[in-house]
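# Structural overview for review
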Amino acid sequence: MRKILILIGLLLGNKVCFAQKAEQTFPFTGKPILTLFANYKAGLGNANNSSGFNLDRAFIGYEGFFTKGFSAKVIMNVETLVEDNGTAKFNGYLKNAQVDWKGQGIFVSVGLVNLKQFSEQENFWGHRYIFKSFQEEYGIAFCEDIGIIAGYEFSRMIAVDVALTNGEGRRLKNMDNRYKYGAGITLKPTDGLILRLYGDIYNTPKYLGTGETDDQYSVAAFAGYRCNRFSLGAEYNRAFNFKFAPGTDVNGYSGYTTINIAPKMNLYGRFDLLDAVGKDAGTINTGHAIIAGFEYSPIKQIRISPNYQTWKANGGSRENFLLLNVECKL
């Protein structure tokens, strides 16, 4: 009996040691994700009845890094949603739930993923907490969607990416056999210079019914240059059959710059122009926007920016605003 107990003890001890060894040889690291966008907005002139404090975005999540290039992240987001009657309320949703793999110049992301459609433009603009990138701001594309994206970096100078997604973004689960197909190429011919071309086909979703619709096509071109003292970027966007309206197209132009005036301070500016042609062009809120401001970062995780924003709709009156934006990001 004593020998049996000793044998069982040895077996259990070996199992525990093996489990501990397996745990020790399984490298896992992770980091929390926390982002907060807040501002105070005050209207001027004919917009002077619009003012108040806003929480534009607050998302929290976690990203884990595994072996052999695998990682995964989940992020929940809460943002301010303005309803048709003008009432603003908080709206929570799942922003990301994706598995990623990187290795040998290849990347693959599956799930509710961040798209690369305008990620280079957004990173180059660098002030997402103040104003969205052009394609997201004016409804040409979503920043997240359910599906798969992949890319390959041929060299330091050239990379390509492709995407197959449902098309409806993060809020709708699409099971109607309609998809959005996208592909892009990014060039970095010299230090600081980046060029990008992108195109996609967006099948008409079935939920729109049997009315007069057509697939949406979009193309985008971007060029940017960055050095220690400043950055300068410009993009052109065109969507054919915008929002699936046959024969109605939108053109969009955006230019932006950031000038570094001190290690923790910069000045920035941006100009957007949205135009539309076609039989339904009158239903689209076209016009131009101007943004200019000053940014100060007391620590790496905090950015503060007083700024001026104006929107002039075609055929409408100009709306002017003063804002104080704050970003906290880990």
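Residues numbered from 1 in each chain as written. Predicted model: local features only at pLDDT ≥ 70, side-chain atom pairs only at ≥ 80, totals over all residues. Heavy atoms only, no water.

## Overview of the packing of aromatic side chains
This model, assessed by the stated rule, comprises 14 aromatic pairs. Centroid distance Tyr 236 to Tyr 253: 5.2 Å. Interplanar angle 45°. Geometry classified as tilted. With a gap of 17 residues between them, Tyr 236 in strand β11 (residues 230-240) and Tyr 253 in strand β12 (residues 249-262) connect regions that are remote in the sequence. Looking at Tyr 236, the relative accessible area reads 27%, which means it is partly exposed. Pairwise contacts between aromatic rings join Trp 125, Tyr 256 and Tyr 268 into one cluster. Sitting over the ring of Phe 321, Lys 41 keeps its end group 4.3 Å from the ring centre. (Phe/Tyr/Trp six-rings, centres within 6.5 Å; stacked < 30°, edge-to-face > 60°. Helix = DSSP H or I, 4+ residues; strand = E, 2+ residues; numbered from the N terminus. Buried < 20%, exposed > 50% of the residue type's maximum accessible area, 1.4 Å probe, protein only. Lys NZ or Arg CZ within 6 Å of the ring centre and 35° of its normal.)

## Overview of the pattern of salt bridges
Across all of its chains, the model carries eleven salt bridges by this definition. Close ionic contact of Asp 191 with Arg 156 constitutes a salt bridge, the shortest N to O distance being 3.5 Å. With Asp 191 in the loop between β8 (180-187) and β9 (193-202) and Arg 156 in the loop between β6 (144-153) and β7 (158-165), the pair connects residues that are 35 residues apart, well separated along the chain. You'll find Asp 191 and Arg 156 in the same group, each marked exposed. A network of salt bridges, in which partner residues are shared, links Glu 122, Arg 128 and Glu 136. (Salt bridge = Lys/Arg side-chain N within 4 Å of Asp/Glu carboxyl O.)

## Comments concerning a nonpolar patch on the surface
On the surface, Tyr 225, Phe 230, Leu 232, Ile 259, Ile 261, Met 265, Leu 267 and Tyr 296 cluster together into a nonpolar patch covering about 670 Å² of accessible area. Taken together, the elements giving at least two residues each to the nonpolar patch come down to β11, β12 and β13 (265-277). (Patch = residues over 30% accessible without salt bridge, like charges linked within 9 Å, V, L, I, M, F, W, Y side chains within 5 Å. Areas by Shrake-Rupley, 256 points an atom, 1.4 Å probe, with all protein chains shown as cover.)

## Re the pairing of strand β16 (residues 318-329)
Relative to β16, strand β1 (residues 29-44) is paired through ten bridges, and the arrangement is antiparallel. Of the residues in β16, the one forming a bridge with Leu 44 is Asn 320. Inspection of the sheet shows strand β15 (residues 302-313) paired to β16 by eleven bridges, in the antiparallel sense. For Ile 302, the partnering residue across the bridge sits in β16 and is Cys 328. (Pairing = 2+ DSSP bridges.)

## Description of the confidence of the model for the chain
Confidence along the chain averages 88 in pLDDT terms, with 89% of residues attaining 70 or more. Mean pLDDT across the elements of the chain bottoms out in helix α1 (residues 2-24) (44) and peaks in strand β14 (residues 287-296) (98). Predicted confidence for residues 3-23 stays below pLDDT 50, and this span has zero contacts to residues more than four positions away or in other chains. (pLDDT = per-residue confidence, 0-100. Contact = heavy atoms within 4.5 Å.)

## Things to note about unusual backbone geometry
If you check the backbone angles, Gln 104 has positive phi at about 55° while not being a glycine. At Phe 244, a residue that is not glycine, the phi angle is positive and equals roughly 70°. Mapped onto the elements, Phe 244 comes out in the loop between β11 and β12.

## Re the environment of Asp 272
Structurally, Asp 272 can be placed in strand β13. A residue is classified by how much of its surface remains accessible, and Asp 272, at 1% relative accessible area, is buried. For Asp 272 and Glu 235, which are 37 residues apart along the polypeptide, the C-alpha to C-alpha distance reads 9.7 Å. For Asp 272, the contacting residues outside a window of four places in its chain are Phe 131, Phe 134, Tyr 138, Tyr 253, Ser 254, Gly 287, His 288 and Ala 289. Engagement of the side chain of Asp 272 in a polar contact is seen with the side chain of Arg 270, the distance being 2.8 Å. (Polar contact = N/O pair within 3.5 Å; in protein donor to acceptor, adjacent residues only side chain to side chain.)

## Quick word on the pairing of β1
When β1 meets strand β2 (residues 51-65), the two strands line up antiparallel, connected through 14 bridges. The residue of β2 that forms the bridge with Ile 33 is Gly 61. Between β1 and the antiparallel strand that follows it, β2, lie six residues; Gly 45 among them carries a positive phi value of about 60°.

## Considering the nonpolar core
The biggest cluster of nonpolar side chains holds 24 residues, and the ones touching the most others in it are Ile 130, Phe 131, Tyr 138, Ile 140, Phe 242 and Val 250. Of all the secondary-structure elements, those providing two or more residues to this core are α2 (119-125), β12, β13, β14 and β15. (Core = buried A, V, L, I, M, F, W, Y, C linked by side-chain atoms within 4.5 Å.)

## Remarks on the side chain of His 127
Within the element layout of this structure, His 127 appears in the loop between α2 and α3 (134-137). Under the relative-accessibility criterion, His 127 is labelled buried at 2%. Of the polar contacts made by the side chain of His 127, one reaches the side chain of Thr 258; its length is 3.2 Å. For His 127, the contacting residues outside a window of four places in its chain are Thr 258, Asn 266, Tyr 268, Glu 295 and Arg 303.

## Notes on the side chain of His 288
Tracing the backbone through its elements, the reader meets His 288 in strand β14. Within the local environment of His 288, its side chain forms a polar contact with the side chain of Arg 318, the two groups lying 3.1 Å apart. Discounting chain neighbours no more than four positions away, the residues touching His 288 are Phe 271, Asp 272, Leu 273, Thr 310, Trp 311, Lys 312 and Arg 318.

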